[in-house]
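# A structural walkthrough
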Amino acid sequence: MLPDRYVSISRIREAARARAEASSNRAVSREIGIAHRGFLLFLEGSRPQAKTLEKLYAWYREHVERTEGPPITASDALLVLVRALPPERRPAASGGVIASLREHHAAAGIELPPDVLAAAGKPAGTPAGT
């Protein structure tokens, strides 16, 4: 199960580390539902296995997104990608990025995530939520 919006493993690791510093490694590993040693390895930079990754995503959604809000939206990511371009070039560049994403998703036989589809309908430079 993947999150609705992209969350990097490094972001989850950062959130887990911050939560562990506020309480304890053991408390957070219990909260996530993984072994204490596995949690320590994760904090040290190891790449979690698929089942552990699912638990980390679920924990992030339940305990971090609820209080901090969701990670970057596709619309916001698109703004970051085209920000260095002159404003008049941003719509075409955004369209090109979305077209490329559509192509890659179609080749993989999967649909674009809903937030990417929403971003495709917004002109570049439009903040998320508008």
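Up top is the structure.
Throughout what follows, the structure given in this document is the object of discussion. A quick note: this is a predicted structure, and the numbers were derived from the prediction, not measured. (Residues numbered from 1 in each chain as written. Predicted model: local features only at pLDDT ≥ 70, side-chain atom pairs only at ≥ 80, totals over all residues. Heavy atoms only, no water.)

Bringing the packing of aromatic side chains into the picture now. Considering all chains together, one arrives at 0 aromatic pairs under this definition. Over the face of the ring belonging to Phe 42 we find Arg 13, whose NZ or CZ atom lies 4.5 Å from the ring centre. (Phe/Tyr/Trp six-rings, centres within 6.5 Å; stacked < 30°, edge-to-face > 60°. Lys NZ or Arg CZ within 6 Å of the ring centre and 35° of its normal.)

Once that is clear, we can look at the pattern of salt bridges. In a structure, side chains of opposite charge can pair up when their charged atoms sit close to one another. All told, the structure shown has 2 salt bridges when counted by the stated rule. Across the pair Glu 14 and Arg 11 runs a salt bridge, and its minimum N-O distance is 3.0 Å. Of the two residues, Glu 14 and Arg 11 are both situated in helix α1 (residues 9–22); the distance of 3 residues between them amounts to about one turn of the helix. Here Arg 19 ties to Glu 31 by a salt bridge, and the two come within 2.7 Å at their closest N and O atoms. Of this pair, Arg 19 sits in helix α1 while Glu 31 is found in helix α2 (residues 25–32), placing the two residues 12 residues apart along the sequence. (Salt bridge = Lys/Arg side-chain N within 4 Å of Asp/Glu carboxyl O. Helix = DSSP H or I, 4+ residues; strand = E, 2+ residues; numbered from the N terminus.)

Under the 1.5 Å per step criterion, the end-to-end length of α1 is 20 Å for 14 residues, consistent within 8% with the ideal 20 Å. Of the positions making up α1, those classed as buried are Ile 9, Arg 11, Ile 12, Arg 13, Ala 15, Ala 16 and Ala 20. Where α1 is buried, its residues contact α2, α3 (36–43) and α4 (50–68). (Expected span 1.5 Å × (residues − 1). Buried < 20%, exposed > 50% of the residue type's maximum accessible area, 1.4 Å probe, protein only. Contact = heavy atoms within 4.5 Å.)

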